[in-house]
Amino acid sequence: GLCLLVLRVFIGVHVFLVSCALPDSIVRRFIVRVMCSVLGLLVRQSDPRLRGAGARVFIANHVTPFDHNVVSLLTSCNTPALSGSPGFICWSRGFMELGVTGSRAELVDSLKEYSAHRGNPPLLLFPEEAATNGRAGLLRFSSWPFSILDEVQPVALQVRRPLVAVSVADSSWITELLWTFFVPFTVYQVRWMPSVPRQADERSEDFALRVQELLAMELGVVSTRITAADRTEHMKRLRHTSRLPFAPGEGPGCRTSAWALLLGGPLVPPSPPGAAPEDLRVVTMAQQVKEVLPHVPLEVIKTDLVQTNCVDTTIANLLEGRVPLFPESRETEDLPAPSTSQAAAASGIQGSVAAPSSKPATKQFAKSSVERHLSLQERKRALYDYARR
């Protein structure tokens, strides 16, 4: 890996000089693409006949800091610089400087003026405005790229490489470049999709959502409502959060979330100083279960968590009656168990109230396992309804 890194750094300098010396043409793109394959950057494309079929704006998902460079190896296109200071670094990375430092409205006006000149190459835009690993879902598309023209062409990007994850959260473009040189190869798969026109009286927000859904279906991922601003705020919190190691026998699936799937790596709560990591982990997970099931004693929750090491599994065990339960206090015993109608009315889902339950709520915890299971099934349905709200 180190030998490849050193060798490819010198080759990369020659690739940069060749790309700067030659004008934009088919010959230049072919030569640079062959030289990039020596750097371990392999580019494949599907349905090339759909490439640039009259579209002036390409819309692509964002995976790595070099997505625009990869697409430019296949067709002529420009990507405006949205962040970072203008200058040599911005130009050397292949971004187009527009000289616009104001609001998004000024940027859209400038891009509309650019697209009005038919001699200019098409625009390549990334509505996610932040890179993800591309394996789980798409960030919510911004609407401003869909305000430029009434027709866009989606481009689906997928990246894979051995040994090292693609687009690690909070990594810089230099780090990503060095890892690209270090690993044997990185494969970029570019899939061209048919152009998508704007429907009559369709807002830019609805247009963006429709294209996002099409791209998500093409990539086989989900279309999330997490924005780039949410991602930035999450990374700020994550920098101040200490990470706890997995316990033996604990799989990452028990503690992953939408953020972990989008950005990579498990998310864990902060650990107070002076406490054992194993005890803190159990206590933290027990508090999470307690928030969902406040009537269950903490000792019962902790006992099951020691065996399962997973919050979701423990909640399922408690709801489905696989763990014996006893109320925490007499007041808890006197409280009636919520029926299906009470839970539906409290959740207020879709503004409707379910029909009253034919079976009266139990006044105390049932001794029979059958009755206890039925009662827990009612609570489980109520919790699921509340979670879907």
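Here the residue numbers are simple positions, counted from 1 along each chain's written sequence. Local features in this predicted model are restricted to residues of pLDDT 70 or higher, and side-chain atom pairs are both shown and tallied only at a pLDDT of 80 or more, whereas totals for entire chains, interfaces and linings draw on every residue. Neither water nor hydrogens contribute to the side-chain values; these are computed over all heavy atoms in the structure.

1. Structural notes on a nonpolar patch on the surface
The grouping of Leu-22, Val-27, Phe-30, Ile-31 and Val-34 at the surface amounts to a nonpolar patch, some 440 Å² of accessible area in total. Positionally, Leu-22 belongs in the loop between helix H1 (2–21) and helix H2 (26–38). The patch calculation keeps residues exceeding 30% relative accessible area without a salt bridge and links them within 9 Å when they carry like charges or within 5 Å when they are nonpolar (Val, Leu, Ile, Met, Phe, Trp, Tyr). The accessible surface values rely on the Shrake-Rupley method and a 1.4 Å probe; as for residues, cover is taken only from the protein chains in view. Salt-bridge detection follows one rule: a side-chain nitrogen of Lys or Arg within 4 Å of a carboxyl oxygen of Asp or Glu. Secondary structure follows DSSP: runs of H or I at least 4 residues long count as helices, runs of E at least 2 residues long count as strands, and numbering of each begins at the N terminus.

2. Structural notes on the packing of H1 against H2
The description of two packed helices rests on the angle between their axes and on the distance between the axes. With axes taken as lines fitted to C-alpha atoms, and helix axes fitted only over the stretch in contact, angles between N-to-C directions fall between 0 and 180 degrees. Close contact between H1 and H2 brings their axes to 10 Å; oriented N to C, the two are set at 175°. It follows from the interaxial angle that H1 and H2 lie roughly antiparallel. For the pair H1 and H2, contact is made by Arg-8, Ile-11, His-14, Val-15, Val-18 and Ser-19 and by Arg-28, Ile-31, Val-32, Met-35, Cys-36 and Val-38, respectively. When residues are sorted by character, Ala, Val, Leu, Ile, Met, Phe, Trp, Tyr, Cys and Pro go into the nonpolar class, Asp, Glu, Lys and Arg into the charged class, and all the rest, Gly among them, into the polar class. When its residues are assigned to classes, the contact of H1 with H2 shows eight nonpolar, two polar and two charged. Roughly parallel refers to an angle under 35 degrees, roughly antiparallel to one over 145, roughly perpendicular to one between 65 and 115, and oblique to any angle outside these ranges. It only takes one pair of heavy atoms within 4.5 Å for two residues to be counted as in contact.

3. Thoughts on helix H6 (residues 173–182)
Glu-176, Thr-180 and Phe-181 are the residues of H6 that are buried. Looking down the long axis of H6, one finds its buried residues gathered within 140° of arc, a one-sided arrangement. Buried residues along H6 sit in contact with H1, strand E1 (41–46) and strand E8 (186–192). Three labels apply to residues, based on accessible area from a 1.4 Å probe with only protein chains included: buried if under 20% of the type maximum, exposed if over 50%, partly exposed otherwise in between. This arc is built from the directions going out from the helix axis to the C-beta atoms.

4. Observations regarding the packing of aromatic side chains
The geometry of an aromatic ring pair is captured by the separation of the ring centres together with the interplanar angle, meaning the angle of the planes. Whether two aromatic rings pair depends on their centres lying within 6.5 Å, for rings of Phe, Tyr and Trp, where Trp uses its six-membered ring; planes under 30 degrees apart make the pair stacked, over 60 edge-to-face, and the rest tilted. Applying the stated criterion across every chain, the model contains seven aromatic pairs. Ring centres 6.2 Å apart and planes at 80° place the aromatic pair Phe-16 and Trp-91 in the edge-to-face group. Of this pair, Phe-16 sits in helix H1 while Trp-91 sits in helix H4 (residues 88–92), and the two are 75 residues apart along the sequence. Assessed through its relative accessible area of 45%, Trp-91 is described here as partly exposed.

5. Focus on the pattern of salt bridges
Scanning all chains against the criterion turns up nine salt bridges. One salt bridge connects Glu-176 with Arg-161, and the closest N-O pair in it is separated by 2.9 Å. With Glu-176 in helix H6 and Arg-161 in the loop between strand E7 (151–160) and H6, this pair connects stretches of sequence that are 15 residues apart. Here the two residues Glu-176 and Arg-161 agree in accessibility, since each one is buried. Each member of the salt-bridge network shares a partner with another, and the members are Asp-24, Arg-28 and Arg-29.

6. Digging into the nonpolar core
As a rule of thumb, nonpolar side chains are buried together in soluble globular proteins. Val-43, Phe-58, Leu-124, Val-155, Leu-157, Val-190 and Trp-192 are the most contacted members of the largest nonpolar core, which totals 27 residues. Residue assignment for this core shows that the elements contributing at least two residues are H1, H2, E1, strand E2 (57–60), helix H3 (67–72), E7 and E8. Each nonpolar core is a collection of buried residues, namely Ala, Val, Leu, Ile, Met, Phe, Trp, Tyr and Cys, held together in the definition by side-chain atoms within 4.5 Å. Counting 25 residues, the second largest nonpolar core, distinct from the first, contains Met-96, Tyr-114, Phe-141 and Val-211.

7. Looking at H2
Expected helix span is taken as 1.5 Å per residue step, with the number of steps being one fewer than the number of residues. Between its first and last C-alpha atoms H2 spans 19 Å; for 13 residues at 1.5 Å apiece the expected length is 18 Å, and the two agree. If you follow the buried residues of H2, they end up packed against H1, E1 and H3.

8. Let's talk about the packing of H1 against H6
Two numbers describe how H1 lies on H6: the axes approach to 7 Å, and their chain directions differ by 115°. Relative to H6, H1 is oriented roughly perpendicular. In this structure, H1 uses Leu-2, Leu-4, Leu-5, Arg-8 and Val-9 to contact H6, whose residues at the interface are Leu-178, Thr-180, Phe-181 and Phe-182. A class-by-class count of the residues in the contact of H1 with H6 yields seven nonpolar, one polar and one charged.

9. Some words on the environment of Val-159
Inspection of the secondary structure puts Val-159 in strand E7. Setting aside residues no more than four positions away along its own chain, Val-159 makes contact with Val-63, Thr-64, Val-166, Thr-186, Val-187 and Tyr-188.

10. Observations regarding unusual backbone geometry
With a phi angle near 55°, Asp-47 is a residue other than glycine that sits in the positive phi range. Under the relative-accessibility criterion, Asp-47 is labelled partly exposed at 44%. In this model, Glu-129 sits at a positive phi of 65°, which is unusual for a non-glycine residue. Tracing the chain through its elements places Glu-129 in the loop between strand E5 (123–125) and strand E6 (137–138). Its relative accessible area of 32% is what places Glu-129 among the partly exposed residues.

Read these as spatial facts, not as claims about activity.
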